[in-house]
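Coordinate analysis (summary)
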Amino acid sequence: MSSRTALSLSSLITSIVLLVCGNAFLTSLLGLRLSLDAFPASLIGWVLVFYSFGFVAGSLYASNVIERVGHIRAFAVFAALLSVVILLHAMAVHAVLWAALRAVAGFAMAGLMIVVESWFSSRATNQNRASLFAVYQVVFFLSTAAGQLLIRVADPASFLPFSLAAILVVLALIPLSLTRQTSPTMESGERMSLRHLFKRSPAGLLGALLSGVLISAFYTMGPVFANQIGLTLAQVSNFMASAIVAAMLLAWPVGRLCDRFDRYRVLLNAAIIATGSGVCAALLGAFSPWLLILFAGIYVGIGAALYPIAVAITNDLMDSREITTASTALLLSYGVGSCIGPVASSLVMEALGPRGLFITGSVALGGLIFYMTLGPGRTRSPIPVQEQEAFITTTPEATLGLADMDPRNPDFDPDA
């Protein structure tokens, strides 16, 4: 990627850093605050899951706002809405109110991510697409981790941390509002049903679904878990941030494995490793913060890797013209999982204690392992490694432009 391209995107990258950092900080702050106020774990899960409901709705309908008023104005609308919602959280700690606010926040955040991702995608060419995509991934992961580190700056029971989160989101408005870059155009695409996707790529759909379950459960209930086992604010911050950094670091080796071996077996082995790590975190995490960070990092890192593996498995089974619709269906599958994760984990945590967070994910992964080894998945027809397409590391928050990066696309440049 040239320095000119990097400079032209600097305002967009700055806005992404501020936005993602503020939103990640808020997500952890809310779970921690509810836990400190002695809300039952099951109620915390139900309150926070409304963010996922809102995000899924925003992924489907927020583009209508962008098409009507343009990217910059839509970004301003969604950012202002998110900032107001953040401040309203601090005015009254009430389960019903917070659930409604989380739904609105999820919708607004989905709209904001559509704006920044479509803008990033519009600046991609055959020469810089891979590097731009890599930059986006690193920026997203590091900004999310930085948001976790802000947990330690102020008492979660005070107004200050909510103000800080709102300030970060408002500041994200400035760089993008001042940019002189031309706004991209919105393109409406077709959709593939989850039922059709399951017929074509059951392992892909289940992998994306479980990734949503694991990651959403950890983001929402992770701070609750940490508070319940007695970690300090600084330790909660380190616990959350280290797991997210682990997800970033594991992305590269997982990609290498997916390019060298049968991806179906890579998914199976990843599920086995994540299951073992989840069990170890549940059983040993309370004895040592370092053991907790180690096993939780592997658990979350592999959990996050399930999604790009699922994308790769699915893409291998699709024609190039189906990549975009399949990616949309996989994102929806992840969204469904993100709606299940917080509720399921919170119910298990209420029944079994804090360790229920990792037990929930381990049991869900066990279901995937059973399907792939003893269930219908054992009869699948393997795709030879040499016929697999190039692996592309991605996250559910960055799915735009995947069709352009597919090697079967006639405009794809393998040397880019």
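For clarity, every value in this text was computed on a predicted model and none was experimentally measured. Here the residue index of a chain counts from 1 through its sequence in written order. For a predicted model such as this one, the threshold for reporting local features is a pLDDT of at least 70, and the threshold for listing and counting side-chain atom pairs is 80 or more; totals across whole chains, interfaces and linings nevertheless cover every residue. Note that the side-chain values use all heavy atoms of the structure and ignore hydrogens as well as water.

Examining the overall build of the protein
- When its secondary structure is counted, the protein shows 17 helices and 0 strands.
- Exposure is judged per residue with a 1.4 Å probe applied to protein chains only, and the accessible area is read against the type maximum: over 50% gives exposed, under 20% gives buried, and values in between give partly exposed. When each of the 416 residues of the protein is scored for burial, the buried share is 55%.
- Residue pairs at least 24 apart in sequence account for 84% of intrachain contacts in the protein once pairs closer than 6 positions are excluded.
- All accessible-area figures derive from a Shrake-Rupley calculation using a 1.4 Å probe, and residue coverage is judged against the displayed protein chains alone. Counting only carbon and sulfur atoms, one obtains 65% of the accessible surface of the protein, whose full area is about 17200 Å². A run of H or I in DSSP counts as a helix once it spans at least four residues, and a run of E counts as a strand once it spans at least two, with each numbered from the N terminus. Contacts between residues were defined by any pair of non-hydrogen atoms, one from each residue, lying within 4.5 Å.

Thoughts on helix α16 (residues 356-373)
- Every helix has an expected span of 1.5 Å times one less than the residues it contains. Between its terminal C-alpha atoms α16 stretches 25 Å, which fits the 26 Å expected from 18 residues at 1.5 Å a residue.
- Among all positions in α16, only G356, L357, F358, T360, G361, S362, L365, L368, I369, Y371 and M372 are buried.

Focus on unusual backbone geometry
- Notably, A38 is not glycine yet its phi reads approximately 65°, a positive angle.
- Relative to the assigned elements, A38 resides in the loop between α2 (10-36) and α3 (41-61).
- The exposed category is assigned to A38, whose relative accessible area is 63%.

Here we look at the environment of S83
- As for its placement among the helices and strands, S83 is situated in helix α5 (residues 71-91).
- Expressed as a C-alpha distance, the spacing of S83 and V169, which sit 86 residues apart in the sequence, is 6.2 Å.
- Leaving out residues up to four positions away in the same chain, S83 has contacts with A166, V169 and V170.

Focus on the pattern of salt bridges
- Only one rule defines a salt bridge in this text: a Lys or Arg side-chain nitrogen within 4 Å of an Asp or Glu carboxyl oxygen. Counting across every chain of the model gives 1 salt bridge.
- Notably, a salt bridge pairs D37 with R33, separated by 3.3 Å at the nearest N-O pair.
- A residue is classified by how much of its surface remains accessible, and D37, at 35% relative accessible area, is partly exposed.

Thoughts on the packing of α2 against helix α8 (residues 160-171)
- Running from N to C, α2 and α8 cross one another at 160°; their axes reach a closest spacing of 8 Å. By the criterion of interaxial angle, the relationship of α2 to α8 is roughly antiparallel. Every pair of crossing elements has a handedness; the one defined by α2 and α8 is left-handed. Across the interface between the two elements, L18, L19, C21, G22, F25, L26, L29, L30 and R33 of α2 pack against P161, F162, L164, A165, L168, V169 and L171 of α8.
- Each residue receives one of three labels: charged for Asp, Glu, Lys and Arg, nonpolar for Ala, Val, Leu, Ile, Met, Phe, Trp, Tyr, Cys and Pro, and polar for the others, Gly being one of them. Residues belonging to the contact of α2 with α8 are distributed by class as follows: 14 nonpolar, 1 polar and 1 charged. Axes, fitted as lines to C-alpha atoms, cover a helix only where it is in contact. Angles between the N-to-C directions of the axes lie from 0 to 180 degrees. Should an angle lie under 35 degrees it is considered roughly parallel, over 145 roughly antiparallel, and from 65 to 115 roughly perpendicular; all remaining angles are considered oblique. Whether a crossing is left-handed or right-handed is set by the direction in which the near helix is turned from the far one by less than a right angle, anticlockwise for left-handed and clockwise for right-handed.

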